[in-house]
Amino acid sequence: MPAESATRQENLRGAVYMVVAMAAFVINDTIMKSLSDEIPIFQAVLVRGIFASVLIGALACWRGVARVSALAPADRGYALLRALAEIGSTVCFLIALFNMPIANATAIMLSSPLLLTMIGALLLGERVGWRRWTAILIGFVGVLMIVKPGAEAFNDASLWAVGSVFFVCLRDIMTRKLSHATPSLVITLITAVAITAVGALVVAVEGWTPIDLEVVLSLLFSAVFVFFGYLFSVMTMRVGDMGFVSPFRYTNLIWALALGWLVFGDAPGVLTLFGAALVVATGVFTFYREGRPTR
């Protein structure tokens, strides 16, 4: 019983971390999308990345982990692969986000929990019952109701979003491989610096576009939310059962629908609202099933 109680606590903690990370990332996405006509993608990545790296670096220095030795030698390969996966995910998603509604891009990204659950069950030996499989599949049907797949919905931007899904899965798997000897803050800092470096390389080739102070301040706010999103996403994948925690990524959709309506005027229709209700219901049901004692 003590072991079961500890597992439930870890799963609950992972679910809370996931919800916080998703909220932070969607707020960041909203800010970035609002700047799509004001600044090129990679220049936005660079400026935001500089702010985020400074914030994360300052916290790492305060915690005393801003040093190479803080990264365990056994984790260096996983940390590198995770950073590359994060770069791929960020670039693909921003290209999609700048060219399609935020709710559509977010909904496509929400197919990643199904793939992660399959990987957890088939390759990592995690136990996933048929009820949780059913709940996740129903949640995915809810996502499809929101996306309304068709010739107009799945264009080139949608393909970029699909590409981002695969990178997200690779990132999360690499995060699970990291040992607890490496602080989450160190992984967060490595990720932020890597993405900033890629933005700097592309801007060096494409050239710099002048931007005003309002855009800079918006990118600063975006960096603050990226900071919290990075940190909590790393913490999420290091606790709990992947098959249980992953469905809480669906809360991303709720935030995207709300902010898409408030900021961009994308009022959801009845079918969209019903799909969102399915997503929420499957997440709650998954939590309920995991919390029941095993016979």
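Described in the following lines is the structure provided in the data block. (Residues numbered from 1 in each chain as written. Predicted model: local features only at pLDDT ≥ 70, side-chain atom pairs only at ≥ 80, totals over all residues. Heavy atoms only, no water.)

As a further point, take the packing of aromatic side chains. If you walk through the whole model with that rule in mind, you get two aromatic pairs. Its guanidinium or amino end placed over the ring of F264, K33 lies 5.9 Å from that ring's centre, counting from NZ or CZ. (Phe/Tyr/Trp six-rings, centres within 6.5 Å; stacked < 30°, edge-to-face > 60°. Lys NZ or Arg CZ within 6 Å of the ring centre and 35° of its normal.)

Another aspect to go through is the packing of helix 3 (residues 76-97) against helix 7 (residues 156-177). As a packed pair, helix 3 and helix 7 sit with axes 7 Å apart at the nearest point and diverge in direction by 160°. When the axis of helix 3 is compared with that of helix 7, the two are roughly antiparallel. Every pair of crossing elements has a handedness; the one defined by helix 3 and helix 7 is left-handed. Between helix 3, through Y78, L81, R82, A85, E86, G88, S89, C92, F93, I95 and A96, and helix 7, the contact on the second element is made entirely by A157, W160, A161, G163, S164, F167, V168, L170, R171, M174, T175 and K177. Taken together, the residues of the contact of helix 3 with helix 7 break down into 14 nonpolar, five polar and four charged. (Axes fitted to C-alpha atoms, helices over the stretch in contact; angles between N-to-C directions. Helix = DSSP H or I, 4+ residues; strand = E, 2+ residues; numbered from the N terminus. Parallel < 35°, antiparallel > 145°, perpendicular 65-115°, else oblique. Left-handed = near helix turned anticlockwise from the far one by under 90°. Contact = heavy atoms within 4.5 Å. Nonpolar A, V, L, I, M, F, W, Y, C, P; charged D, E, K, R; others polar.)

Overall, the coordinates contain four salt bridges when judged by the stated rule. Note that R82 is salt-bridged to E86, the shortest N-O span being 3.8 Å. Residue R82 and its partner E86 are located together in helix 3, separated by four residues, close to a single helical turn. The residue D172 makes a salt bridge to R171 at a minimum N-O spacing of 3.0 Å. Neither residue differs from the other here; D172 and R171 are each classed as buried. Among the charged side chains, a salt-bridge network with shared partners connects R82, E86, R171 and D172. (Salt bridge = Lys/Arg side-chain N within 4 Å of Asp/Glu carboxyl O. Buried < 20%, exposed > 50% of the residue type's maximum accessible area, 1.4 Å probe, protein only.)

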